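The chain contents come next:
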Amino acid sequence: MTRTANELAEFLAVTLEGDGSIQLSGVAAPESARVDDLIYVETPRHLDRAATSQARCAVIAPGLALHGKTLLRAANPKLVFARAAAWLLPPAPIATGVHPTAVISATARLARGVAVGPYAVIEEDVEAGEDTEIGAFCFLGRGSRLGEHCRLYPRVTLYAGAWLGNRVIAHSGAVIGSDGFGYVAEGGKRWKFPQVGEIEIGDDVEIGANTTIDRGSLGRTEIAAGVKLDNLVHIAHNVHIGEHTVIAAQTGISGSSIVGRGVMIGGQVGIADHCRLEDGAIAGAQAGIPTGKTIRSGQIVWGTPARPLKKFKEQFAWFGRLPELAERIGKLEKTIVQGKA
Amino acid sequence: MTRTANELAEFLAVTLEGDGSIQLSGVAAPESARVDDLIYVETPRHLDRAATSQARCAVIAPGLALHGKTLLRAANPKLVFARAAAWLLPPAPIATGVHPTAVISATARLARGVAVGPYAVIEEDVEAGEDTEIGAFCFLGRGSRLGEHCRLYPRVTLYAGAWLGNRVIAHSGAVIGSDGFGYVAEGGKRWKFPQVGEIEIGDDVEIGANTTIDRGSLGRTEIAAGVKLDNLVHIAHNVHIGEHTVIAAQTGISGSSIVGRGVMIGGQVGIADHCRLEDGAIAGAQAGIPTGKTIRSGQIVWGTPARPLKKFKEQFAWFGRLPELAERIGKLEKTIVQGKA
Amino acid sequence: MTRTANELAEFLAVTLEGDGSIQLSGVAAPESARVDDLIYVETPRHLDRAATSQARCAVIAPGLALHGKTLLRAANPKLVFARAAAWLLPPAPIATGVHPTAVISATARLARGVAVGPYAVIEEDVEAGEDTEIGAFCFLGRGSRLGEHCRLYPRVTLYAGAWLGNRVIAHSGAVIGSDGFGYVAEGGKRWKFPQVGEIEIGDDVEIGANTTIDRGSLGRTEIAAGVKLDNLVHIAHNVHIGEHTVIAAQTGISGSSIVGRGVMIGGQVGIADHCRLEDGAIAGAQAGIPTGKTIRSGQIVWGTPARPLKKFKEQFAWFGRLPELAERIGKLEKTIVQGKA
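Cut-off values and rules
- Residues numbered from 1 in each chain as written.
- Chains lettered and ligands numbered in written order.
- Predicted model: local features only at pLDDT ≥ 70, side-chain atom pairs only at ≥ 80, totals over all residues.
- Heavy atoms only, no water.
- Buried < 20%, exposed > 50% of the residue type's maximum accessible area, 1.4 Å probe, protein only.
- Helix = DSSP H or I, 4+ residues; strand = E, 2+ residues; numbered from the N terminus.
- Arc of directions from axis to C-beta.
- Pairing = 2+ DSSP bridges.
- Axes fitted to C-alpha atoms, helices over the stretch in contact; angles between N-to-C directions.
- Left-handed = near helix turned anticlockwise from the far one by under 90°.
- Contact = heavy atoms within 4.5 Å.
- Nonpolar A, V, L, I, M, F, W, Y, C, P; charged D, E, K, R; others polar.
- Phe/Tyr/Trp six-rings, centres within 6.5 Å; stacked < 30°, edge-to-face > 60°.
- Domains from an automatic or database assignment.
- Polar contact = N/O pair within 3.5 Å; in protein donor to acceptor, adjacent residues only side chain to side chain.
- Least-squares fit on C-alpha atoms with pLDDT ≥ 70 in both.
- Buried area = accessible area lost by both parts, 1.4 Å probe.
- Salt bridge = Lys/Arg side-chain N within 4 Å of Asp/Glu carboxyl O.

Draft legend 1. Helix 1 (residues 5–12) of chain C, seen in detail. All names here are of chain C. Those residues of helix 1 not exposed but buried are Ala5, Leu8, Ala9 and Leu12. For helix 1, the angular spread of buried residues about the axis comes to 100°, placing them on one side. Alanine 13 occupies a position one or two residues after helix 1 and carries a positive phi of about 55°.

Draft legend 2. Spatial organisation of the pairing of strand 21 (residues 183–186) of chain A. Residues and elements named next belong to chain A. Of the strand pairs in this sheet, strand 21 and strand 22 (residues 189–192) are connected by four bridges, and their pairing is antiparallel. Following the sheet pairing, tyrosine 183 is matched in strand 22 by lysine 192. Linking strand 21 to strand 22, which pair antiparallel, is a turn of two residues; within it glycine 187 sits at a positive phi near 60°.

Draft legend 3. Spotlight on the packing of helix 1 (residues 5–12) of chain B against helix 3 (residues 77–88) of chain B. Residues and elements named next belong to chain B. Between helix 1 and helix 3, the shortest axis-to-axis distance is 10 Å and the interhelical angle comes to 115°. Our pair here, helix 1 against helix 3, has a crossing hand that is right-handed. Every residue of helix 3 that contacts helix 1 at Glu7, Leu8, Phe11 and Leu12 is listed here: Val80, Arg83, Ala84, Trp87 and Leu88. When its residues are assigned to classes, the contact of helix 1 with helix 3 shows seven nonpolar, no polar and two charged.

Draft legend 4. The arrangement of the packing of aromatic side chains in detail. Residue and element names in this part refer to chain A. Counted by the stated rule, this structure contains 39 aromatic pairs over all chains. Taking 5.7 Å as the distance between ring centres and 5° as the angle between the ring planes, the aromatic pair formed by phenylalanine 312 and phenylalanine 316 counts as stacked. With a gap of four residues between them, phenylalanine 312 and phenylalanine 316 both fall in helix 4 (residues 309–320), about one helical turn apart. The exposure class of phenylalanine 312 is buried, given its relative accessible area of 6%.

Draft legend 5. Local environment of the domain arrangement of chain A. Looking at the assigned domains, one finds that chain A contains domain 1 (3–88), domain 2 (103–310) and domain 3 (311–340). A separation of 36 Å is found between the C-alpha centroids of domain 1 of chain A and domain 2 of chain A.

Draft legend 6. Seen up close, the side chain of Asp37(C). All names here are of chain C. As for its position among the elements, aspartate 37 is in strand 5 (residues 37–41). Exposure remark for aspartate 37: the relative accessible area of 2% places this residue in the buried category. Separated by 3.0 Å, the side chain of aspartate 37 and the backbone nitrogen of arginine 34 make a polar contact. Once residues lying within four places of it in the same chain are set aside, the contact partners of aspartate 37 are Leu24, Gly26, Val27, Ala28, Ser32, Ala55, Arg56 and Cys57.

Draft legend 7. Examining the relation of the copies chain C and chain A more closely. Aligned on chain A, chain C shows an RMSD of 0.0 Å; the corresponding rotation is 120° and the shift along the axis is 0.0 Å. A rotation of that kind, with that shift, is consistent with a three-fold axis.

Draft legend 8. Expanded view of the interface of chain C and chain A. Every contact between the two is made by 66 residues of chain C and, on the other side, 58 residues of chain A. Taken together, the two surfaces of chain C and chain A that pack against each other cover about 4,800 Å², and 69% of this comes from carbon and sulfur. Taken as a group, Phe181(C), Arg190(C) and Leu332(C) account for 14% of the area that chain C buries against chain A, more than any other trio of residues on that side. Between Glu206(A) and Lys192(C) there is a salt bridge, with the nearest N and O atoms lying 2.6 Å from each other. Counting every contact that joins chain C to chain A gives 26 residue pairs in polar contact (both at pLDDT 80 or more).

Draft legend 9. Here's a closer look at the sheet that holds strand 14 (residues 139–140) of chain A. Residue and element names in this part refer to chain A. The 10 strands lie next to each other as 8-11-14-17-20-25-28-31-34-37, forming an open sheet whose pairing is parallel. Both edges of this open sheet fall to strand 8 (103–104) and strand 37 (288–289), since each of them pairs with a single strand only. Looking at chain direction, strand 8 and strand 11 (residues 121–122) are connected through two bridges and run parallel. Residue pairing for strand 11: isoleucine 104 is matched across the bridge by isoleucine 122.

What follows is the structure, given as C-alpha cells:
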C-alpha cells in the first residue's frame, strides 16, 4: 500500500515536519531502506545511521534533528513505527478463498470471508469467524472454534474442541489442545489419567512456531487475551496465563500453574507444577521455579531454584569469589595456629 | 457411553455404597461435574469440593464419608477413576475408514480395521496392525511398521523403517526416526556420519506433541514398552530407554545414553552423551548430567552438573548463606588483626 | 550400491591390504555387520569387536592389526568410513518425480530433476534448483528459493521469501522464516513490531526436526554455509551464524545475536539477545549467556551466567566444599572466642 507522509501523519496522529507529499510504501532499517521506506530514530546514537539512509521519511523522538528528511514526531517512535508498518504492510494473505482440495465437513460453519488453504482439514461442527484465514495442512478437530480475523499459518493443529478468540495468530507447527501428561501408576505401569478438559485461547494471542499447548485434564487450560508465546514453548494441562503476559522461546510451564497478568518470562524458563506467578512478575531466562512456589507481584527472579534477582546477584558475586574466600580461610587458620604456637 | 453405578462398580471390582442405579456417562472435576459425571476424592481436604458438586457418584478413599452420593470405595481412587474414565470415555476416533484422499502404496499392508485420515501418505511396504488409527497428514515412510491399536494424531512423521509396537500413541507433530546429529570434521567442514540405523518403539508408549526421536546412526534407538514422553522432548541416536520410564517436557537425551527402567526425568533435563541412568533413578527438572556420567539405581539428582539431591540442597543452602559466610570471614580477619595489634 | 573393496579404496584414496575383490554394499557397527558391510576401527580397544564381526572389510587406523579381513588404511578411519557410507548408501529419495497431488503455482520455477512429494504446496514465484527433493506436506511460501540438491523431508515449512542455498537438508517439522518475537508495549498491550525481514540459509546447512528459524524483523537472519542445527533448536530474528558452526538440540539463540565461524554450542544452551560468540568459541551444554555478552574467540564457557570453563570448574569445586568451608569458619570462630576467653 502506498501512502503520502501526510496521510501517514494523520493516521498516526503525529506532527509532520517537512515535505508531506512524499510517498511511502514500506518500512525498513536505515541501512537497507529504499527511498519509499519509513525508518525510525529513538535515540541520538541512531541519528548517523538515519542521516545516511536512502529513506526520506523518519519517525523521530522529540528533540532530535535530522536534516533533509520528512519527520514524524512521536514520543514513542518505535510504537508509532510499528503502527505505521501494520498500516503500510498488511500481512500477506495466508489463504484466499476456499481451496478446492480442503476437506471441510458439511457441519462446519465458516463465516463470511473465511479463507482455507490447500489440503486443510476441517472436521464436524467447527466454527470459524469472519475473515479468519486457515493455512494449508491446518487440522481443525471436531467442535473447535475460531473467532474473527484469526490467522493460522500452514500446518497448525487444533485438537477437538479447542476454542480460539478473535485475531489469534498461530504459527506453523503449533499444536493446540493435545493431551496433558498425566498418568496414574499401578505396579510400575501407568494408566492414562483422563485428558478430556477444555482449552481456551483469548483474543489477540500469538502462538509461535512448533509451540504446544495441552488441553485441561478435567479442568481447563486458559491463555488470556493478548498473551504472546514465542517458538517451542510448552504449556501443560490446566495452566492459566493472564492477559498480556509474554513468554519467550523454549519455556515450559507444568500442570496447573497459574501465571498472572503482564508477567514477563524469559527463554528456557522452567516452571514446575502448581506454581503461581503473580501479576507483573518477571522470571529471567533459564530460571527454574520449583513445584508449588509463588512469585510475588512485581518480583524479579533468576536462577534455579529461582530467587529474587538482587539476592541471586549478591550470592553469585560471592560464588565467583569462592576461591578467594577459601584462601582467606586458609590464611586465618595458619595465623591462628602460628598465634598459638 | 452410559453405565449404571452398579455396572461401573462391577467393571472396576470395587464396593458400591448407595444407589447403584444412577447413570454415569462421563468424568469431571467436582466443580464442573454434571449429574451424570463421576468424580473422585482422595483426601479429606477434597471432601468439601465433592460435597457441593452436582455429581451423584464418587470414587472415594476408605474411611472418608460423603453423604447423599453413591460411593465407589477404592484404596487408590485416582487409579480407579482413571480406569473408569477410560471405560466411559473411549477416545474419539482419529480417523474412521480409509479416507479417499489418503495416498497409500499398493505394497502397504493395512490390517483389518485400520483407519486412515485425509491426506495421509503411506509409502511402500508399510505395515499397520489391526484397528490402528492414522490421522490426517501422517507420513509413514517406506517399510515403517505399526502394531495394533496405535493412535497417530494428525501430522505425525515416521521416517523410513521406523518400528512401533502395539497401542502406541503419538501426538501431533511428533517426528520418529529422523537422522541423528553426527558429523566427522575435516578441516573445519563436516561430513555426515551415516545415520542409517534402526528405531524401535515398544508397546504402550506415548509420545508427546512435537517430540523428536532420532534413529540409530549404525545401531538402534530403543524406547521400551510403557515409556511416556511429554511434549517437545528430544531423544538422540542410539539412546535406549527402559520400560515404564517417564520423561517430562523439553528434556533432551544425547547420543548413546542408556536410561533404565522406571526412571523419572523432570522437565528440561539435559542428559549428555554416553550417560547411564540406572533403574529407578530420578533426575529433577533442569538437571544437567555431563558426558559419560552414571546415575545409580534409585538415586535422586538435581542441578548442573547433577549431584545427589541431598548434597545439592546442603550446598545450595550454604550458597544462600554466602554473604553471611563472607561477613564472618571478614570479622575473623578484623579480630585477629586487632588481637595482634 | 555394491562395490569391490578395490573400487572403494580407489574412491577413498586409501591403501588396501588383503583381498580387494570382496563385495561391499553397506556400512554397520561391528556387532550388527553382515559379510558385505564395511566397519571401522579407530583405536586398539575396538579391535576385539572388529575381530569377531562378520564384516570382511574394515577401515582401520595405521599400526593396528586385524587378521583375516581386508583392510583400508586411513589416518582418520571415522572420516573415511563416513565418506564410504555416503558413496555406498546414497540417501533414499524423499520424492521421485512430481506427484500429481502436489499443488504447484504456475509461476513456480522448478529446475530439471526437482522431485515433489504428495500434497506438497508450492506457491507463486518459488524457485527450486536442479535435483532438489521436496517431501510430502512441504509448504514453500511465495517467493521462497531453494538451491540445487536440497532435501526437504516431509512436512517442512518455508515462509514466504525464505532463501536456501545448495545441498540444504531440512528435517521433518522444521519451520524456516516464521515471524520473530517482537512487540512494542503500549499501556500493557502489545503491538507487533514488523517482522518483514529476510532469511538466508547457506550451502550444506542441515536443519534438525522441529527446529524453528525466524526471519529478520527489518534486517536479515543468516545461517552461513556448513552450519549444522540439531532438533528443536530455536533461532530468533536477525541472528547471524557463521560458517561451519554446530549447534546441539534444544538450544535457543535470541534476537540479533552474532555467532562466529566454527563455534560449537552444546544442547539446551540459551543465548540472550545481542550476544556475540567469536570464531571458535565453545559453549557447554545448558550454558546461559546473558544479554549483550561477548565470548572471545576460542574461549570455552559453561554455567549460567556463563563463565570460562576453568573458572567454572574451580568455583564449582569450592561450591561442593561449601559445607566444609562453613565448618572451618565455625571452628575458627570457636578458637578465637576460646582464645579470648
